[in-house]
Amino acid sequence: MADEKKDVSRRDFLKTAGVATGALVGGGVIGGLIGYNAKDGGNATKDGERSGGRADQSAGSPGGRMFFTNDHDFNVLSEATERIFPEDDLGPGAIKLGVPYFIDHQLAGAYGNNEKEYMQGPFYGGEVTQGYQSRLRRKEIFLQGIKKMEQEAKSRFDKDFTDLEGDQMDEIITAFQKDEVEMEGVTAGFFFRLLRSAVLEGAYSDPMYGGNVGMEGWKMKNFPGHQASYIDKIDSKEFVEIDPQSLGGHH
């Protein structure tokens with residue numbers, strides 16, 4: 001598209017698309033989050049400058065992994081999250097924000113096991129507006145989706161997903177968004193939406209859940225976090241910049 005040459009950062013997209021802290025209010029990722037970087041005219045790099053090596057996935061490692069036992073699966077997830085929320089000159093991307101670890105921790109618990117959803121049959125294909133309809137639990141969907149991304153990388157480019165160039169990764173992720181990849185028990189588009197939501201939640205949730213390392217996600221949006229009180233700032237006649245505070249900081 002001609003507009004892809006505009007100097008648009010993914011932070012600008014987040015502001016205009018209506019992303020609130022912890023959730024996506026509206027808009028799509030492709031053409032917005034994926035692929036935009038303020039400096040390279042639309043091709044997000046991996047960990048700043050891409051030189052063929054993998055982004056540093058040890059940058060955000062709060063508490064280690066709880067769900068993924070296969071290193072390659074975790075690395076595929078990490079690279080996919082970085083494409084959805086890439087690092088640029090305004091701040092860190094998903095990997096440095098600890099998003100892969102946030103997702104890992106969530107899949108190991110109630111979220112991954114669908115403990116709050118009714119998971120008994122019969123199972124029928126529902127409408128988009130009807131919410132979760134799959135017989136599969138989220139942890140199963142993520143594992144299958146990651147395997148499918150690897151399969152797509154092999155079939156399209158004869159490489160591991162983690163060895164692809166950024167635009168090649170985007171091609172595969174876009175195919176999932178458009179439901180062009182066959183999955184069992186769930187659509188590729190549904191997996192994409194789960195992944196996108198988890199990435200944004202990991203970038204903007206309270207750091208006590210494993211993501212938003214250093215509250216950097218909040219700092220990029222000037223979000224004050226969980227302040228105990230604003231009483232000392234109410235009477236100020238000038239704008240007051242507030243350092244963000246996490247729930248863990250009150251303990």
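The sections below set out a description of the structure shown in this document. Being a predicted model, the structure only gives us computed values, none of them experimental.

Turning to a nonpolar patch on the surface, a few remarks are in order. The grouping of M208, Y209 and L247 at the surface amounts to a nonpolar patch, some 280 Å² of accessible area in total. Mapped onto the elements, M208 comes out in the loop between α7 (188–204) and α8 (216–220).

Attention now moves to the pattern of salt bridges. Using the criterion set out here, one finds ten salt bridges in the structure. For D71, the salt bridge identified is with R65, shortest N-O distance 2.5 Å. A relative accessible area of 31% means that R65 is categorised as partly exposed. The shortest N-O distance in the salt bridge between D170 and R83 comes to 2.9 Å. With D170 in helix α6 (residues 166–177) and R83 in helix α2 (residues 71–84), this pair connects stretches of sequence that are 87 residues apart. Taken as a pair, D170 and R83 share a single burial class, namely buried. Where salt bridges share partners, they join E152, R156 and E171 into one cluster.

Rules behind the numbers
Residues numbered from 1 in each chain as written. Predicted model: local features only at pLDDT ≥ 70, side-chain atom pairs only at ≥ 80, totals over all residues. Heavy atoms only, no water. Patch = residues over 30% accessible without salt bridge, like charges linked within 9 Å, V, L, I, M, F, W, Y side chains within 5 Å. Areas by Shrake-Rupley, 256 points an atom, 1.4 Å probe, with all protein chains shown as cover. Salt bridge = Lys/Arg side-chain N within 4 Å of Asp/Glu carboxyl O. Helix = DSSP H or I, 4+ residues; strand = E, 2+ residues; numbered from the N terminus. Buried < 20%, exposed > 50% of the residue type's maximum accessible area, 1.4 Å probe, protein only.

Read these as spatial facts, not as claims about activity.
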